Amino acid sequence: MGNRPFAYDIRRLAMNLLTQMTTVFERLLNDGQITAALEHIRAHLDSDSGEAVFLAAHLSISGETSEVFEERSIRQLRAAAAKSYAPAILQLGMRYLFGDSVEIDVARAATRFKSAAEAGYPPAMYEYGLALLHGKGVKQARTEARAWIRRAAEGGDETAQEFVLTYGFMHAGD
């Protein structure tokens, strides 16, 4: 097994959903124990765990080309999203937003952000709020955008908290 660097912070993507599975997985990766990390989640891959499938999407297999890894990663993210695992839904949205191994599609990105936001997932609330604020993939709606960003900040998303502090809208009507 090989560890492929990726542009997504698993800790932020899985915030408020950190379970023992993700915590142990991260610790093993940080200790350089890639094979042990895979073995840790392997038993859960067949148990219909969206979390395990999401984590597996971030590991490349030894000898796997970048293209094969990306195809498998996207397939696994979609599978985890289909299991309603909010971090996977959010990450798919981010990929559509930036065109990371998929065609850029801001409307699809916004749809993913909204889905995960409505599930109560703070990082997605922030991203959906930004989409509404800037009219990216959705009709611009500043009041609704502020509400989503505030909810994300209140839910503990540090990026949303920094945004609220910087732009100073913490209360309805700001």
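It should be noted that the structure appears before, not after, this text.
The model shown is predicted, which means the values in this text are computed figures rather than measured ones. (Residues numbered from 1 in each chain as written. Predicted model: local features only at pLDDT ≥ 70, side-chain atom pairs only at ≥ 80, totals over all residues. Heavy atoms only, no water.)

J.: Before we move on, could you go through the pattern of salt bridges and cite the residues and values that matter?
T.: For the structure shown, the criterion picks out 4 salt bridges. Across the pair R42 and E39 runs a salt bridge, and its minimum N-O distance is 3.1 Å. Taken as a pair, R42 and E39 lie in helix 3 (residues 34-45) at a separation of 3 residues, close to a single helical turn. In this structure E39 comes out as partly exposed when scored by relative accessible area, which is 45%. A salt bridge links E70 to R95; the nearest nitrogen and oxygen atoms lie 3.1 Å apart. Of the two residues, E70 is situated in helix 5 (residues 66-82) and R95 in helix 6 (residues 86-98); the sequence distance between them amounts to 25 residues. Across the pair, exposure class does not vary: E70 and R95 are buried alike. (Salt bridge = Lys/Arg side-chain N within 4 Å of Asp/Glu carboxyl O. Helix = DSSP H or I, 4+ residues; strand = E, 2+ residues; numbered from the N terminus. Buried < 20%, exposed > 50% of the residue type's maximum accessible area, 1.4 Å probe, protein only.)

J.: Which residues make up the packing of helix 8 (residues 122-134) against helix 10 (residues 158-167), and what values do they have?
T.: How two helices sit against one another is set out by the angle between their axes and by the gap between those axes. With their axes 9 Å apart at the nearest point, helix 8 and helix 10 run at an angle of 40° to one another. Put simply, helix 8 runs oblique to helix 10. Between helix 8, through Y126, L130 and L133, and helix 10, the contact on the second element is made entirely by T159, A160 and F163. A breakdown of the residues in the contact of helix 8 with helix 10 according to their chemical character gives 5 nonpolar, 1 polar and no charged. (Axes fitted to C-alpha atoms, helices over the stretch in contact; angles between N-to-C directions. Parallel < 35°, antiparallel > 145°, perpendicular 65-115°, else oblique. Contact = heavy atoms within 4.5 Å. Nonpolar A, V, L, I, M, F, W, Y, C, P; charged D, E, K, R; others polar.)

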